[in-house]
Each structure stands twice: as C-alpha cells, then as structure tokens.
Amino acid sequence: MSDPVPAMAERAADCADCLLAADSVVLASHIDADGLTSGAIAATALERAGVPFETTFEKQLDAEAIDRIAATEHDVALFTDFGSGQLDDIVPHEDAGDFTPVVADHHQPATVEDGEDPDTDLHLNPLLFGIDGAAELSGAGATYVLARAMETDGVDNRDLAALAVVGAVGDMQDTDGGLIGANEGVVAEGVEAGVLEEVTDISLYGRQTRPLPKLLEYASELRIPGISGDENGSIRFLSDLDVDLQVDGDWRRWVDLSFEERQTVASALMRHAISRGVPPERVNSVTTTTYTLTAEAVGTELRDVSEFSTVLNATARYERADVGLAVCLGYRGDALEEARRLLRTHRRNLSEGLEWVKNEGVEHEEHLQWFDAGTRIRETIVGIIAGMALGADGVRRDQPIVAFAEENAEELKVSARGSGFLVRDGLDLSVVMSEASAAVGGGGGGHDVAAGATIPRDARDAFLERADEIVGEQLGD
Ligand code: C5P
Ligand code: C5P
Ligand code: C5P
Ligand code: ZN
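What comes next is a walk through the structure. Predicted model only: the values in this text are computed from it and were never measured.

Side note on the overall build of the chain
So, point 1. The helix and strand inventory of the chain stands at 18 helices and 15 strands.
So, point 2. Here the chain has a C-alpha radius of gyration of 22 Å; the compact-globule value for 477 residues is 23 Å, and the two agree.
So, point 3. By its C-alpha atoms, the chain is 70 × 55 × 40 Å across when sized along the principal axes.
So, point 4. For the chain, the computed accessible surface area is about 20100 Å², with 45% contributed by carbon and sulfur atoms.
So, point 5. Each charge class in the chain was averaged separately, 37 positive and 90 negative side chains, and the resulting centres sit 11 Å apart.

As structure tokens, this is what we get:
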C-alpha cells in the first residue's frame, strides 16, 4: 500500500487502528462542501470496514455541540473538518472517559493564552506535519488520508479521492491554477483509480451547466472588460467566432464544444483580454487545471468538482446536510432532485447577496473594509459572498474584507476573506478572528486566508477596531 501523504501516514495508521477497534463511532462533521465530503469519506470507510456508526453535522463545533456528542453511547468520536480549533472543549471529555476522540481536520489548532495547548494523540491535521492546511490539504483530504489507512480486506478506498478533491476545491484550494502540494498526491490516486480526470481547461465556473454567454458574463474573477458582467458584450464576442453557438435554439454549453472549438474560444478570450489591457497574470488565469468526476454524466452539476461543491454548499448551508450527504454517497433520484432545487435557491441568494453588497458598498477602516448585511444575507453564506465581493468593482483587492450578518437575537456572525497575495504579505485572518473575537467575548478561527467568528451583537464596532489593529500589525503598515 502506498501513502497519499507520506508525512501523515503514521498518525493516520494510529487513528485508523482506533476506529477499526471501536465498538461504535459517532461521526461529526461541518456543514459545508468540505465537511460533507469529509463526512461521506469517513462514513464510507467505516461502512466498508464494518464499524457501526452514527453521523451528525454541526454548523459550529461549540461546547454544547460537543456535549451532545458526548451524550451519545459511542466509545469513539470522529471529528472531521473541524475539531482542531476546539480541542480545549474536546480533551476534557476524553479525560472524563466520555469518548476517545479522533480528529481529521485542517483548521488552525486553538492556542490558549496561558499554559499548555490542549492536544490529543489521535489528531490528524496537515499543519502538524508541515503541510499548509489552507492551501495544500482540506478536511476531506485529511479524512481521505485516514480512509486510506483504514484499508481492510483489500478495499483500499482510493475511489474516495474523488470526494476529497471536491472538498479541496470547495474550500478553494485550487485558486493558484490547480491543486498543489499534498493535494496532488490525492489527485494522483484518484486518477490511478479511474475516478478522476485532470485536464487543463478554461477556468470559468459553470463549464458543465452554464449556457456559453452566461459562462462568460458571470466570469467575474477574470474581470475582462466588455465581457465580465456584460451579457450583450459576451454574446457579441461569441458571435464573432467561428463556433456554432446554438443547437435547435438552445445555447450550447462549454462541455458541448469540441476540443478545437474550446481552443478557439479560449484563445480569442485571451486575445480580447490582452487587447483590453488585462494584465498578463490575469490573462494566463483564463486556463487552469480542472478536475472531472468520470463516473458522473456529462453536462451535470456533479461532473465538475467546483459545481459539485456548490451543490453541497446549497444543501448543508440550508440545514439539509442529509441531502448533500446522500448525493456524496451516490444516491441520485429524489436526493439529487432536492439538491437541484436547493441549488436554485442558493444561486439566487448568492447573486442577490452580491448585488446588495455592490449597491450598498463597503465601509473602510485603515487596514480593512467591511459590510454589515444584518438580516439581508443568511449568516451561513455571508462568507461565500464576502469572498465573491473581493473580486467586484468598488471593492479593494489590497485589503481583507470582513462581513457581518445576524446570527440570532444575541449574536453576530463574522466572516473574513483575504487573498493569497495578502497572506504572503503576512495576513493571518485566523489570528485576527480569534483574537478580535476573544477581546469582545466571542470566539472564532479558521485559516490565514479565510476565517470567521461569532460575537455579541453589540460588540461590532469594538471588534472592528481590534481587528483593524491586528491586520495593521500583520501587514506592517
Ligand atoms: O471551514 P472551511 O475550512 O471549510 O472553510 C474554508 C473557507 O475558506 C471556504 O468558505 C472557502 O471558500 C474559503 N477560502 C477562500 N479563499 C481561499 C481558501 C479558502 O475564500 N484561498
Ligand atoms: O458556492 P461555492 O463556495 O462553491 O462557490 C465557489 C465560487 O464559485 C464562488 O466564489 C463563485 O465565484 C463561484 N460561483 C459562481 N456562481 C454560482 C456559484 C458559485 O460564480 N452560482
Ligand atoms: O463561515 P465562514 O465561511 O466565514 O468560515 C470561514 C472559516 O472560518 C471556516 O474555515 C470556518 O470553519 C472558520 N470559522 C471558525 N470559527 C467560527 C466561524 C468560522 O473557525 N466561529
Ligand atoms: Zn474545510
């Protein structure tokens, strides 16, 4: 047996031994694309190994959620895509004999102000092995490493690499032209297992399902003048090319084009971008490494990993993790129908939310920009919208963005997003969110490039002031 991520193999084997020896396991995971795929990978591996288990999804792994998990009658608790940031609440339950915890996560482990940081032996996190948890391995990737170590009776679980890649892309780990580092080992195994295809293709979101003009019009990431955000401009651009755009009155999609037609569109797009003065690095990012799930039908949301991950967010972030999990586990029929219905709502919410932010504009502190959506944007998707807003007109790209939305009558949800560029300059939003929230009696964490928090409702301005200071210190200006 080879190891997808050799540095983590030994710890993974220890975690696998514990799970395989368990009487039964309670599996807890996070409600987003990476969390759902993590849960599906773990569930499949446990099922295949014949270990009884029960699955639960949580929006936030807070002390109450961990208490609920501890109250179940299972001897082992497996936390996937969260847990590292909550060891201070998990370890006391281990000490009390409530459960043996196994954690497969990629978030920053919590640090305590005084005394020793809490830890547990069965903690599988890329960050503990010198691997970047924000860019090189996701929760689903860590869980995949664990699943590979759970190989029993010759079932090696390599087919689960497909879900691991959906999770990594769902956490936007492919933003630098494709997956890098440890993720590449996962991709290689998926390709070998025949479940995944890796191809250089156009980098636009919606290759499988969007009509061609929409594919171009919605390509906000590339910001190509005369095309991005411009429906007529997109149609005009396409009409000038030697490519049939419609079949029987229906727009063709990217997947409907032949290899030659795709090349025609991609080169014309690059020429157009250059002629409109788009900088070279953005012109180059017209193409990227893409990942396709070979078992899924061409032209469906599940064939392309980024569209698949959006389907999952559309379920889990609307309290329907059960639907997303079913889709991950291979159920189609009703589960997929329901997922598609949820996807339509999610898309509408994303586009209305982004419009709202663009219309309202953002406020500026010295080192960061922010908006408070109140009840206009659901708190479970305000982070996705904050990330999308970073590419929008009127929003600076050289400052992180902090977004607020109402969580409940007492609390505000905070989501923060930065860029690879700012992280290379010293930005660590996980520290910003955990310290600024702690300063006002809340809690938070995450990754350097994307993090979040929950704070008391009346603490917004004090929180902003502290966050602004910390960002200033990190970026040294
Ligand atoms: O909890 P979790 O780790 O799954 O969430 C990670 C979040 O970070 C996702 O919402 C993802 O979109 C965001 N992210 C980002 N930019 C990156 C990497 C991650 O906005 N470069
Ligand atoms: O929903 P999810 O986090 O998977 O979205 C990832 C990215 O895909 C978004 O940041 C956005 O740029 C793009 N997207 C889009 N149109 C949608 C959904 C997502 O352009 N309807
Ligand atoms: O919710 P949002 O998408 O903004 O979360 C961004 C990242 O911050 C995720 O990785 C999430 O798990 C993390 N987060 C956290 N604690 C919170 C809120 C978010 O660790 N209270
Ligand atoms: Zn994750």
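Focus on the site of ligand 1
So, point 1. Neighbouring ligand 1 are 13 residues, the closest being Asp32, His107, Asp171, His447 and Ala450.
So, point 2. At 2.5 Å from an oxygen atom of ligand 1 is found a side-chain nitrogen or oxygen belonging to aspartate 32.
So, point 3. Residue histidine 106 places a side-chain N or O atom 3.3 Å away from an oxygen atom belonging to ligand 1.
So, point 4. For ligand 1, whose free accessible area comes to 470 Å², the fraction covered by protein is 86%.
So, point 5. When its residues are assigned to classes, the shell around ligand 1 shows 3 nonpolar, 6 polar and 4 charged.

So, the pattern of salt bridges
So, point 1. Enumeration over the complete set of coordinates arrives at 29 salt bridges.
So, point 2. The residue aspartate 256 makes a salt bridge to arginine 253 at a minimum N-O spacing of 3.0 Å.
So, point 3. The class for arginine 253 is partly exposed, based on a relative accessible area of 25%.
So, point 4. Two residues, arginine 340 and glutamate 301, come together in a salt bridge whose shortest N-O distance is 3.0 Å. Here arginine 340 is found in helix H14 (residues 333-360), whereas its partner glutamate 301 is found in the loop between strand S9 (287-293) and helix H12 (305-316), with 39 residues between them in sequence.
So, point 5. Residue classification places arginine 340 among the partly exposed residues on the basis of a relative accessible area of 23%.
So, point 6. You can call glutamate 301 buried: its relative accessible area is 13%.
So, point 7. Residues joined by salt bridges that share partners form a network here, namely Arg320, Asp322, Glu338 and Arg341.

Comments concerning the state of the cysteines
So, point 1. By the definition in use, this model includes 0 disulfides.
So, point 2. Cysteine 18 supplies the cysteine sulfur nearest to cysteine 15, a cysteine that is in no disulfide, at a spacing of 7.6 Å.

Notes on the packing of H12 against H14
So, point 1. Closest axis-to-axis distance for the H12/H14 pair is 8 Å, and the angle between their directions is 90°. For the element pair H12 / H14, the angle class is roughly perpendicular. Counting all contacts with H12, which are made through Glu307, Thr310, Val311, Asn313, Ala314 and Thr315, the residues of H14 involved are Ala339, Leu342, Leu343, His346 and Arg347.
So, point 2. Partitioned by chemical class, the residues of the contact of H12 with H14 number 5 nonpolar, 4 polar and 2 charged.

A word on the pairing of strand S11 (residues 369-372)
So, point 1. By the bridge criterion, 2 bridges tie strand S10 (residues 363-364) to S11 in an arrangement that is antiparallel. Considered in S11, the bridge of histidine 364 is made with glutamine 369.
So, point 2. Hairpin connection from S10 to S11: 4 residues lie between these consecutive antiparallel strands.
So, point 3. By the bridge criterion, 4 bridges tie S11 to strand S12 (residues 401-406) in an arrangement that is parallel. Residue pairing across strands places glutamine 369 opposite isoleucine 401, the latter belonging to S12.
So, point 4. In this fold, S11 hands off to helix H15 (residues 382-389), which returns the chain to S12; that crossover is right-handed.

Cut-offs used in this document
- Residues numbered from 1 in each chain as written.
- Chains lettered and ligands numbered in written order.
- Predicted model: local features only at pLDDT ≥ 70, side-chain atom pairs only at ≥ 80, totals over all residues.
- Heavy atoms only, no water.
- Helix = DSSP H or I, 4+ residues; strand = E, 2+ residues; numbered from the N terminus.
- Rg over C-alpha atoms; globule rule 2.2 N^0.38 Å.
- Areas by Shrake-Rupley, 256 points an atom, 1.4 Å probe, with all protein chains shown as cover.
- Lys, Arg positive; Asp, Glu negative; His and termini not counted.
- Charge placed at Lys NZ, Arg CZ, Asp CG, Glu CD.
- Near = heavy atom within 4 Å.
- Polar contact = N/O pair within 3.5 Å; in protein donor to acceptor, adjacent residues only side chain to side chain.
- Nonpolar A, V, L, I, M, F, W, Y, C, P; charged D, E, K, R; others polar.
- Salt bridge = Lys/Arg side-chain N within 4 Å of Asp/Glu carboxyl O.
- Buried < 20%, exposed > 50% of the residue type's maximum accessible area, 1.4 Å probe, protein only.
- Disulfide = S-S within 2.5 Å.
- Axes fitted to C-alpha atoms, helices over the stretch in contact; angles between N-to-C directions.
- Parallel < 35°, antiparallel > 145°, perpendicular 65-115°, else oblique.
- Contact = heavy atoms within 4.5 Å.
- Pairing = 2+ DSSP bridges.
- Right-handed = clockwise from strand over helix to strand, strands pointing away.

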